Amino acid sequence: MMEANMDKAKIIENNITDLKMGLELAEIAENDFLKNYSENRILSFNESNEYLSESDFAKAYAIDLVLFINISSIINDLDNKDYFKSRLIDLASYYPEIKAEDGVGDIM
């Protein structure tokens, strides 16, 4: 379960942790797209992001989680699917507006 305080720094920390798990998922799935996507997203956190709000980060994180849930479903990796889905549900409890993002509402 994510912490009670879900500020921008915590969203970024959780997102990077899950992107690293996405790299492991890419290896399991033998999916170069997912590998490149996860690596590029991790690198993007090194760029200046002061102009982005907590909500922007939450929405981007939700999209990452939906991708990981879908890949996990495709390769029938139920443990990772359940993990990423629980992370998405936790995130949505802090940022309910993410349920309106593409794919999020369908999964929830």
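Please refer to the structure higher up on the page.
Only a predicted model underlies this, so the values are computations on that prediction, with no experimental measurement involved. (Residues numbered from 1 in each chain as written. Predicted model: local features only at pLDDT ≥ 70, side-chain atom pairs only at ≥ 80, totals over all residues. Heavy atoms only, no water.)

Quick word on the overall build of the protein
Filter applied, for reference: Under the scheme used here, helices are H or I runs from DSSP no shorter than 4 residues and strands are E runs no shorter than 2 residues, and both carry numbers assigned from the N terminus. Both definitions apply: the radius of gyration is a C-alpha atom measure, and the globule rule equals 2.2 Å times residues to the power 0.38. Only protein chains enter the calculation, and the probe is 1.4 Å; a residue is then buried if its accessible area is under 20% of its type maximum, exposed if over 50%, and partly exposed in between. When checking whether two residues touch, look at their non-hydrogen atoms; a contact exists if any pair is within 4.5 Å. All accessible-area figures derive from a Shrake-Rupley calculation using a 1.4 Å probe, and residue coverage is judged against the displayed protein chains alone. Charge assignment: positive for Lys and Arg, negative for Asp and Glu; neither His nor the chain ends contribute. Charged side chains are reduced to one point each, which is NZ for Lys, CZ for Arg, CG for Asp and CD for Glu.
Counting its regular elements, the protein contains five helices and zero strands. Taken from N to C terminus, the helices and strands of the protein fall in the order α-α-α-α-α. Against the globule reference of 13 Å for 108 residues, the protein gives a C-alpha radius of gyration of 13 Å, in line with a compact fold. Taken along the three principal axes of its C-alpha coordinates, the protein extends 35 × 30 × 25 Å. Of all 108 residues assigned to the protein, the portion counted as buried reaches 38%. Nonlocal contacts in the protein, meaning residues at least 24 apart in sequence, comprise 65% of its contacts between residues at least 6 apart. Only carbon and sulfur atoms are counted for the fraction: they give 50% of the accessible area of the protein, which is about 6100 Å². For the protein, the distance from the average position of its 10 positive side-chain charges to the average position of its 22 negative side-chain charges is 3 Å.

Concerning the packing of helix α3 (residues 54-74) against helix α4 (residues 78-94)
How we decide: Helix axes are fitted only over the stretch in contact, all axes being lines through C-alpha atoms; the angle between N-to-C directions runs from 0 to 180 degrees. Note on terminology: angles under 35 degrees are roughly parallel, angles over 145 are roughly antiparallel, angles of 65 to 115 are roughly perpendicular, and the others are oblique. For any helix crossing, the convention is left-handed if the near helix is rotated counterclockwise from the far helix by under a right angle, and right-handed if that rotation is clockwise. The residue classification treats Ala, Val, Leu, Ile, Met, Phe, Trp, Tyr, Cys and Pro as nonpolar and Asp, Glu, Lys and Arg as charged. All others, Gly included, are polar.
It is at 8 Å that the axes of α3 and α4 come closest, and there the two elements cross at 160 degrees. Viewed along their axes, α3 and α4 adopt a mutual orientation that is roughly antiparallel. Once α3 is placed against α4, the crossing between them reads as left-handed. Contact with α3, carried on its side by Ala58, Tyr61, Ala62, Leu65, Val66, Phe68, Ile69, Ser72 and Ser73, involves Asn80, Lys81, Phe84, Lys85, Arg87, Leu88 and Leu91 of α4 and no other residues of that element. Tallied by class, residues from the contact of α3 with α4 come to 10 nonpolar, three polar and three charged.

Some words on unusual backbone geometry
With the exception of glycine, the majority of residues adopt a negative phi angle, and the majority of peptide bonds are in the trans configuration. A positive phi angle is found at Glu30, which is not glycine, with a value near 50 degrees. Within the secondary structure layout, Glu30 lies in the loop between α1 (8-29) and α2 (32-44). The phi torsion at Asn76 lies on the positive side, around 60 degrees, for a residue other than glycine. Relative to the helices and strands, Asn76 is located in the loop between α3 and α4. Look at Asn76 and you get exposed, because its relative accessible area is 57%.

Comments concerning the nonpolar core
Note the following rule: Each nonpolar core is a collection of buried residues, namely Ala, Val, Leu, Ile, Met, Phe, Trp, Tyr and Cys, held together in the definition by side-chain atoms within 4.5 Å.
Ile11, Leu88, Leu91, Tyr95 and Ile98 are the most contacted members of the largest nonpolar core, which has 25 residues in total. Contributions of two or more residues to this core are made by α1, α2, α3, α4 and α5 (104-107). For this core, the leading source of residues is α3, giving nine residues. Residue contacts for Ile98: discarding those within four places in its chain leaves Ala58, Lys59, Ala62, Leu88, Leu91, Ala92 and Val104.

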